[in-house]
Amino acid sequence: AKDIMLLTIDGNERDGWRPGRAARFFDGGAIELAPAFSPDGRWLAYSSWESGRAEIHMRPFPGPGSRVVVSRNGG
């Protein structure tokens, strides 16, 4: 399955920034694609094939919290 991954960034302004650890945002068990943050950064929207077709879902960021399906009849 394709999963949404998050990558931490380590370091600071003085010493520089470097990639940290990659981890799954959540384990959905389906294909999840095209993540996008809400303007306030509190939600992550994405396309999921959990229902057998593409639908748009949202989850609170950084979590925890349940998904909310925001599309109808495909998305």
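Attention here is on the structure that accompanies the text.

About the criteria used
- Residues numbered from 1 in each chain as written.
- Predicted model: local features only at pLDDT ≥ 70, side-chain atom pairs only at ≥ 80, totals over all residues.
- Heavy atoms only, no water.
- Pairing = 2+ DSSP bridges.
- Helix = DSSP H or I, 4+ residues; strand = E, 2+ residues; numbered from the N terminus.
- Core = buried A, V, L, I, M, F, W, Y, C linked by side-chain atoms within 4.5 Å.
- Buried < 20%, exposed > 50% of the residue type's maximum accessible area, 1.4 Å probe, protein only.
- Contact = heavy atoms within 4.5 Å.
- Patch = residues over 30% accessible without salt bridge, like charges linked within 9 Å, V, L, I, M, F, W, Y side chains within 5 Å.
- Areas by Shrake-Rupley, 256 points an atom, 1.4 Å probe, with all protein chains shown as cover.
- Salt bridge = Lys/Arg side-chain N within 4 Å of Asp/Glu carboxyl O.
- Phe/Tyr/Trp six-rings, centres within 6.5 Å; stacked < 30°, edge-to-face > 60°.
- Lys NZ or Arg CZ within 6 Å of the ring centre and 35° of its normal.

A closer look at the pairing of strand β1 (residues 5–12)
Next, step 1: In terms of strand pairing, β1 meets strand β2 (residues 16–24) through seven bridges, oriented antiparallel. When the bridges of β2 are listed, Met5 appears paired with Arg24.
Next, step 2: Hairpin connection between β1 and β2: a loop of three residues separates the two successive antiparallel strands.

A few points about the nonpolar core
Next, step 1: Within the largest apolar cluster, five residues are counted, these being Ile4, Phe25, Phe26, Leu44 and Tyr46.
Next, step 2: Apart from residues lying up to four places away in sequence, Tyr46 is in contact with Ile4, Phe26, Glu32, Leu33, Ala34, Pro35, Glu55, Ile56, His57, Met58, Arg59 and Arg67.

Section: a nonpolar patch on the surface
Next, step 1: A grouping of Leu7, Ile9 and Trp17 is seen on the molecular surface, where their side chains present a nonpolar patch of about 340 Å² in accessible area.
Next, step 2: Relative to the helices and strands, Ile9 resides in strand β1.

Concerning the packing of aromatic side chains
Next, step 1: For the structure on display, the rule yields four aromatic pairs.
Next, step 2: Ring geometry for Phe25 versus Phe26: centroids 5.7 Å apart, planes at 80°, classification edge-to-face. Each member of the pair, Phe25 together with Phe26, is buried.
Next, step 3: With a centroid separation of 5.2 Å and an interplanar angle of 40°, the aromatic rings of Phe26 and Tyr46 are classed as tilted. With Phe26 in the loop between β2 and β3 (32–37) and Tyr46 in strand β4 (residues 43–48), this residue pair connects regions lying 20 residues apart in the sequence. The same class applies to Phe26 as to Tyr46, namely buried.
Next, step 4: What links up through ring pairs into an aromatic cluster is the set Phe25, Phe26, Phe37, Tyr46 and Phe61.
Next, step 5: For the cation-ring pair, Arg59 lies above Phe26, with the distance from its terminal atom to the ring centre recorded as 3.8 Å.

Spatial relationships are all this shows, so hold off on functional conclusions.
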